[in-house]
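# Per-entry structural report
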Amino acid sequence: MELGVYTFADTARDARTGDAVAHDRRLRDLLEEITLADEVGLDVFGVGEHHRADFAVSAPAVVLGAAAAVTKRIRLTSAVTVLSSDDPVRVFEQFATIDGLSGGRAEIMAGRGSFVESYPLFGYDLDDYDELFAEKLDLLLALRAGERVTWPGGRFRAALDDQGVYPRPVQDPLPLWIAVGGNPASVVRAATLGLPLALAIIGGVPARFRALTDLYREAARRAGHDPAALPIGINSPGFVAEDSKTAADRFFAPYAQVMSQIGRERGWPPLTREQYEAGRRPGGYLLVGSPEEVAERILDEHAIFGHDRFLLQTSMGPLAHAHAMRSIELLGTEVAPIVRAELDRRTAAAA
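In this report, we go over the structure that sits alongside the text. Bear in mind the structure is a predicted one, so any value in this text is a computation, not a measurement.

Another aspect to go through is the overall build of the chain. When helices and strands are counted, the chain shows eleven helices and twelve strands. Taking 2.2 N^0.38 as the reference for a compact globule, 351 residues should give roughly 20 Å; the C-alpha atoms of the chain span a radius of gyration of 20 Å, in line with that estimate. With the C-alpha coordinates aligned to their principal axes, the bounding extent of the chain is approximately 60 × 55 × 40 Å. Each of the 351 residues in the chain was classed as buried or not, and the buried ones make up 53%. Contacts in the chain between residues at least 24 apart in sequence constitute 72% of all its contacts with a sequence separation of at least 6. About 14,700 Å² of surface is accessible on the chain, with carbon and sulfur atoms providing 54% of the total. Each charge sign in the chain was given a centre, from 37 positive and 49 negative side chains, and these centres are 2 Å apart.

Below, the structure written as structure tokens:
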């Protein structure tokens, strides 16, 4: 199983000090985080796209292009690209460029986005939320399929008639994942198209999401795809520190601030410490603890889903950069070896 990290490059103002990280500082910190993840042997680093003041990355491809120049082996993915409000040709060209710069390490994780600021910003109507994604995904798939593209056009994008699109990526095809937050129709779409699934578990009991991964594999089988050949990724919030109490205490305030802010926008109550602690207990959705605890939680989820990739969202809200760096370091140097050794043992035992 691949292990990695993803982030939205939060710049939230610390509720206690009133300080916020400047966007330029956060972007420089982000490159340090990606470089460290590469150095400690993690497999994947993902960068999200947002168009609001509390996140520093509105152009993941630019950040990942910079990361390609300072890393050696880690895979570089968006997490996610808001395809509905972007142009698929530009998305493909940008990630093909990253693929060339990195020697074949780029990926696109495409989704509709959990925030909606990009829609009015780029002139789209939220009433077209589903149709925008379907049409643009269709074009993106055509762009991956070959150098010259003929595409009939749609409501939101003009047709292409034997048009060349460059540069071509090192990887053929350029990896494309579909990111979902729990919508069964999105799961079925990914399976029917034969595309890898990235499932975000940001609340609730992970075991309840088993129905979605089962649906994905069954829908893939019915569409004529081999489910075993289609990767599944799980993305979850979490944090690693030297011991359980340190991890819990360091992560609570920044995590609670983010979730409470989103709650104010969407009508949820503020997150309490009691709810937080419930979420990080065995069987919960928060992977916060010592290296041994986080490794055990990752392995528990693997027993449920049998997934191929796990990404930890560890840099949230006003979490100190030094603490994020330490979490990444521990994930690579202590958590990953435990997980890999145990999965190897289970594979050997099953053989």
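Moving on, there is more to tell.
Here the focus is the packing of aromatic side chains. Summed over the entire model, instances satisfying the criterion amount to eight aromatic pairs. Each ring, one from Phe8 and one from Phe55, has its centre 5.9 Å from the other, and the planes form 90 degrees; the classification is edge-to-face. Of this pair, Phe8 sits in the loop between strand E1 (2-7) and helix H1 (23-39) while Phe55 is found in the loop between strand E2 (44-47) and helix H2 (60-70), placing the two residues 47 residues apart along the sequence. For Phe8, a relative accessible area of 16% translates into the label buried. For Phe55, a relative accessible area of 7% gives the class buried. The rings of Phe239, Phe251, Phe252, Tyr255 and Tyr276 are connected pair by pair, giving a single aromatic cluster. Residue placement shows Arg266 over the ring face of Phe115; its charged tip is 4.9 Å from the ring centre. Just above the ring of Phe252 sits the side chain of Arg273; from NZ or CZ to the centre is 4.9 Å.

Relative to the assigned elements, Thr213 resides in helix H7 (residues 210-222). Here Thr213 falls in the buried class, since its relative accessible area comes to 0%. With residues near it in sequence (within four places) discarded, Thr213 still touches Leu199, Ile232 and Phe305.

What follows deals with the layout of surface pockets. As a volume, the largest pocket reaches approximately 880 Å³. Lining the largest pocket are 42 residues, with Phe8, Gly113, Ser114, Ala200 and Ile202 sitting closest to its centre. Elements with a contribution of two residues or more to the lining of the largest pocket: strand E5 (106-111), helix H5 (129-145), strand E8 (176-180), strand E9 (197-200), strand E10 (232-240) and helix H8 (244-266). Examining the composition of the lining of the largest pocket, we find that five residues originate from one element, H8, more than from any other.

Formed by 109 residues in total, the largest nonpolar core has its most connected members in Leu42, Phe45, Leu143, Tyr255 and Tyr276. For Leu143, the contacting residues outside a window of four places in its chain are Pro88, Val89, Phe92, Val149, Leu160, Val165 and Arg168.

Next up on the list: H1. Under the 1.5 Å per step criterion, the end-to-end length of H1 is 24 Å for 17 residues, consistent within 8% with the ideal 24 Å. For H1, the complete set of buried residues consists of Arg26, Asp29, Leu30, Glu33, Ile34, Thr35, Leu36, Ala37 and Asp38. Elements in contact with the buried residues of H1: E1, E2, H2, strand E3 (75-78) and helix H11 (321-350). Immediately downstream of H1, the backbone of Gly41 shows phi near 90 degrees, a positive value.

A cluster of acidic side chains, namely Asp243, Glu292, Glu293, Glu296, Asp300 and Glu334, defines a negative patch on the protein surface. Of the residues forming the negative patch, the biggest block, four residues, is contributed by helix H10 (residues 291-305). The class for Asp300 is partly exposed, based on a relative accessible area of 36%.

Another point: the environment of Glu334. By the secondary structure assignment, Glu334 is in helix H11. The exposure class assigned to Glu334 is partly exposed, which follows from its relative accessible area of 34%.

Within the fold, Thr77 resides in strand E3. Using a relative accessible area of 0% as the deciding quantity, one classes Thr77 as buried. Sequence separation between Thr77 and Ala61 is 16 residues; the distance between their C-alpha atoms is 8.6 Å.

Between side chains of opposite charge, a pair can form as their charged atoms come close. One pass over the structure, following the stated rule, counts 29 salt bridges. Here Asp29 ties to Arg25 by a salt bridge, and the two come within 3.0 Å at their closest N and O atoms. Note that Asp29 and Arg25 are positioned in helix H1 at a spacing of four residues, about one turn of the helix. Take Asp29: its relative accessible area is 8%, and that puts it in the buried class. By relative accessible area, which is 35% here, Arg25 ends up partly exposed. A salt bridge links Glu242 to Arg326, with the nearest nitrogen and oxygen atoms 2.7 Å apart. Linking Glu242 in the loop between E10 and H8 with Arg326 in helix H11, this pair joins segments that are 84 residues apart in sequence. Residue classification places Arg326 among the partly exposed residues on the basis of a relative accessible area of 26%.

Criteria and thresholds
- Positions within a chain are numbered from 1, following the residues in the order the chain's sequence is written.
- Local features in a predicted model are, by the rule used here, given only for residues with pLDDT of at least 70; side-chain atom pairs are given and counted only at 80 or more, and totals for whole chains, interfaces and linings are based on all residues.
- No hydrogens and no water enter the side-chain calculation; it runs on all heavy atoms of the structure.
- Only runs of H or I of at least four residues qualify as helices and only runs of E of at least two qualify as strands under DSSP, and these elements are numbered from the N terminus.
- Taken over C-alpha atoms, the radius of gyration is set against a globule rule of 2.2 Å times the number of residues to the power 0.38.
- Only protein chains enter the accessibility calculation, which uses a 1.4 Å probe; a residue is then buried when its area is under 20% of its type maximum, exposed when over 50%, and partly exposed in between.
- Pairs of residues are marked as contacts when any of their non-hydrogen atoms sit within 4.5 Å.
- Exposure was quantified through the Shrake-Rupley algorithm and a 1.4 Å probe, taking into account, for residues, occlusion by the shown protein chains and nothing else.
- Charge assignment in this entry is limited to Lys and Arg as positive and Asp and Glu as negative, and neither His nor the chain termini are counted.
- Working definition for charges: the position is that of NZ of Lys, CZ of Arg, CG of Asp or CD of Glu.
- For this analysis, a ring pair means two rings from Phe, Tyr or Trp (six-membered ring only for Trp) whose centres lie within 6.5 Å, classed as stacked if their planes differ by under 30 degrees, edge-to-face if by over 60, and tilted for the remaining angles.
- Each ring is checked for a lysine NZ or an arginine CZ that lies within 6 Å of its centre and within 35 degrees of its normal; such an atom marks a charge sitting over the ring.
- Every definition here rests on a 1 Å grid over the protein atoms only: cavities are sets of points where a 1.4 Å probe fits but cannot get out, pockets are open sets enclosed by protein on both sides within 12 Å along at least five of seven lines, and lining residues have some atom within 4 Å of a point.
- Grid points are joined across faces, edges and corners, and a volume is the space filled by probe spheres set on the points.
- Side-chain atoms within 4.5 Å link the members of a nonpolar core, which is a set of buried Ala, Val, Leu, Ile, Met, Phe, Trp, Tyr and Cys residues.
- Helix span is expected to be 1.5 Å times the residue number reduced by one.
- Without a salt bridge and with relative accessible area above 30%, a residue can belong to a patch; like charges are then joined within 9 Å and nonpolar side chains (Val, Leu, Ile, Met, Phe, Trp, Tyr) within 5 Å.
- A side-chain nitrogen of Lys or Arg and a carboxyl oxygen of Asp or Glu constitute a salt bridge if their distance falls within 4 Å.

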